[in-house]
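The residues making up each chain are set out below.
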Amino acid sequence: MSQLKYFTNGLFKENPSLVLVLGTCPTLAVTTAAINGIGMGAATTFVLVFSNLLIAALKNLIPNKVRIAAFIVIIATFVTIVDLVMKAFTPDLYATLGIFIPLIVVNCIILGRAEAFAQKSNVIPAILDGLGMGIGFTLAITLMGSIREILGNGSIFNIKLVAEDANTILIFILPPGAFITYGYLIAIMNRMKKRYNI
Amino acid sequence: MEIIGIIILALLVNNVVLAQFLGICPFLGVSQKVSTSIGMGAAVVFVMALANLVTYLIQYFILIPLHIEFMQTITFIFIIAFLVQVVEIILKKAAPSLYQALGIYLPLITTNCAVLGIAILAVQKNYTLVESVIYASAIAVGFTLALILMAGIREQMENTGYPSGMKGFPISLIIAGLLSLAFMGFAGLV
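Cut-off values and rules
- Residues numbered from 1 in each chain as written.
- Chains lettered and ligands numbered in written order.
- Predicted model: local features only at pLDDT ≥ 70, side-chain atom pairs only at ≥ 80, totals over all residues.
- Helix = DSSP H or I, 4+ residues; strand = E, 2+ residues; numbered from the N terminus.
- Rg over C-alpha atoms; globule rule 2.2 N^0.38 Å.
- Contact = placed C-beta atoms within 7 Å.
- Buried ≥ 20, exposed ≤ 12 C-beta atoms within 10 Å, placed from the backbone.
- pLDDT = per-residue confidence, 0-100.
- Nonpolar A, V, L, I, M, F, W, Y, C, P; charged D, E, K, R; others polar.
- Expected span 1.5 Å × (residues − 1).
- Axes fitted to C-alpha atoms, helices over the stretch in contact; angles between N-to-C directions.
- Parallel < 35°, antiparallel > 145°, perpendicular 65-115°, else oblique.
- Left-handed = near helix turned anticlockwise from the far one by under 90°.
- Core = buried A, V, L, I, M, F, W, Y, C linked by C-beta atoms within 7 Å.

1. Considering the overall build of chain A
No. 1: The helix and strand inventory of chain A stands at eight helices and two strands.
No. 2: Element order for chain A, N to C, with α for helix and β for strand: α-α-α-α-α-α-α-β-β-α.
No. 3: A globule of 198 residues ought to have a C-alpha radius of gyration of about 16 Å, and chain A, at 18 Å, matches this closely.
No. 4: If one aligns the C-alpha atoms of chain A with their principal axes, the spans along those axes are about 60 × 45 × 30 Å.
No. 5: Within chain A, counting contacts between residues at least 6 apart in sequence, those at least 24 apart form 75% of the total.

2. A few points about the overall build of chain B
No. 1: Scanning chain B for helices and strands turns up nine helices and zero strands.
No. 2: Secondary structure elements of chain B, listed N to C terminal, follow the sequence α-α-α-α-α-α-α-α-α.
No. 3: Burial statistics for chain B: of 190 residues in total, 42% are counted as buried.
No. 4: Within chain B, counting contacts between residues at least 6 apart in sequence, those at least 24 apart form 80% of the total.

3. A word on the confidence of the model for chain B
No. 1: On average, residues of chain B carry a pLDDT of 86, and 97% of them reach 70 or more.
No. 2: We note a pTM of 0.88 for the whole complex and an ipTM of 0.86 for its interfaces.

4. A word on the interface of chain A and chain B
No. 1: Taken together, the contact pairs 32 residues of chain A with 28 residues of chain B.
No. 2: Looking at which element gives the most residues to the side of chain A that touches chain B, the answer is helix H8 (residues 175-196) of chain A, with 12 residues.
No. 3: Per-class residue counts for the side of chain A that touches chain B are 25 nonpolar, five polar and two charged.

5. Notes on the environment of Phe186 of chain B
Residue and element names in this part refer to chain B.
No. 1: Secondary-structure assignment places Phe186 in the segment after helix H9 (169-183).
No. 2: With 178 residues separating them in the primary sequence, Phe186 and Ile8 have C-alpha atoms 9.3 Å apart.
No. 3: Non-local contacts of Phe186, meaning those with residues more than four positions away in its chain, are made with Leu12 and Val13.

6. Some points on H8 of chain A
No. 1: The end-to-end C-alpha distance of H8 of chain A, which contains 22 residues, comes to 32 Å, matching closely the 32 Å that a straight helix rising 1.5 Å per residue would cover.
No. 2: Inspection of H8 of chain A places Pro175, Pro176, Gly177, Ala178, Phe179, Ile180, Thr181, Tyr182, Gly183, Ile186, Ala187 and Met189 of chain A among the buried residues, and these make up the whole buried set.
No. 3: On its buried face, H8 of chain A is in contact with helix H2 (24-29) and helix H7 (123-153) of chain A together with H9 of chain B.
No. 4: Downstream of H8 of chain A by one or two residues, Asn197 of chain A has phi in the positive range, about 55 degrees.

7. A word on the packing of helix H3 (residues 34-57) of chain A against H7 of chain A
Residues and elements named next belong to chain A.
No. 1: Taken N-terminus to C-terminus, the directions of H3 and H7 make an angle of 165 degrees; their axes are 8 Å apart at the nearest point. Viewed along their axes, H3 and H7 adopt a mutual orientation that is roughly antiparallel. Both H3 and H7 take part in a crossing whose hand is right-handed.
No. 2: In terms of residue class, the contact of H3 with H7 is built from 18 nonpolar, 12 polar and two charged.

8. Considerations on the nonpolar core
No. 1: Grouped together as the largest cluster of nonpolar side chains are 107 residues, with contacts concentrated most on Ile75 of chain A together with Met48, Val115, Leu116 and Ile139 of chain B.
No. 2: Residues contacting Ile139 of chain B, with those up to four places away along its chain left out, are Ala10, Val16, Met48 and Ile118 of chain B.

Structure below.
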């Protein structure tokens, strides 16, 4: 039971996107549609879980001085796996996410968790932490993708909610909409944290 | 003519921060003061141009001849990390005054996803060596431009009242959104 807190930590209290404000680049870039959020979130979660696992397992073998370099090799390995798998099985999603798949390497959430958590913990908590952070990230970017897709395109998960020729607030799927939506989401999150004392 | 097109596209139309969402972390983190953002910008221009030069050579003379293109991500991130270290050491020895000015920004650049992103993009766009370096420099100047604009606005915001719940990231992101809106006006330029 006590292990569960490692998992729930990343979901809300330390949500990587909305509270820690890490991994901002993919959060802003890929959230033009809800489905992209799920795809990007799944890819990041995979890398996060396996890099946390491997780093926690190897923590006694990695010399302290070269630990960052070692972490980057481990992370880059899993990113390459995700990259090749997505290219082969989900070519459409791969084309949409584009450059941001290889850029998972420099997503600060992953290196951040490796440095702050995985290298000091055992394998099981590290996996749970990776899973919680990954799912928290996925939820946050899917939420943001949904908001932008509904407002900007009048649809959710490609299902049209308004008439085909209805006017939508196009700006929300363009770059400015990303910044503004994200700004308001963080503000709401701050407010909720203060209100309910979480 | 083509080169001018690349420069305008990279600098204004597809601004790296405001349209392509690369390098958001330093954009939000190091934009409190105009003076520090100039320092950061100069360091990014330097490293980005150099990184594109080296990654181009690696891509076309090592990865492609050996058919190990899938190693691109892992090789490039190492090259960039290594390059930043080398630049830091050389600057410290050869130009101490420049090092004083740029020193603290250099380590931050390894985690700037714009450097890796632009190196990969330049390869994807099949640029030649010269085009690749010019592209990277223009992108980096665009990054600096966005950073300085942002810092200027944030300095003014210090004395302005806005809801306390918007303090910090939310207000910065909304300013960035408005800047990005303004930059969309350049879209018809090329």
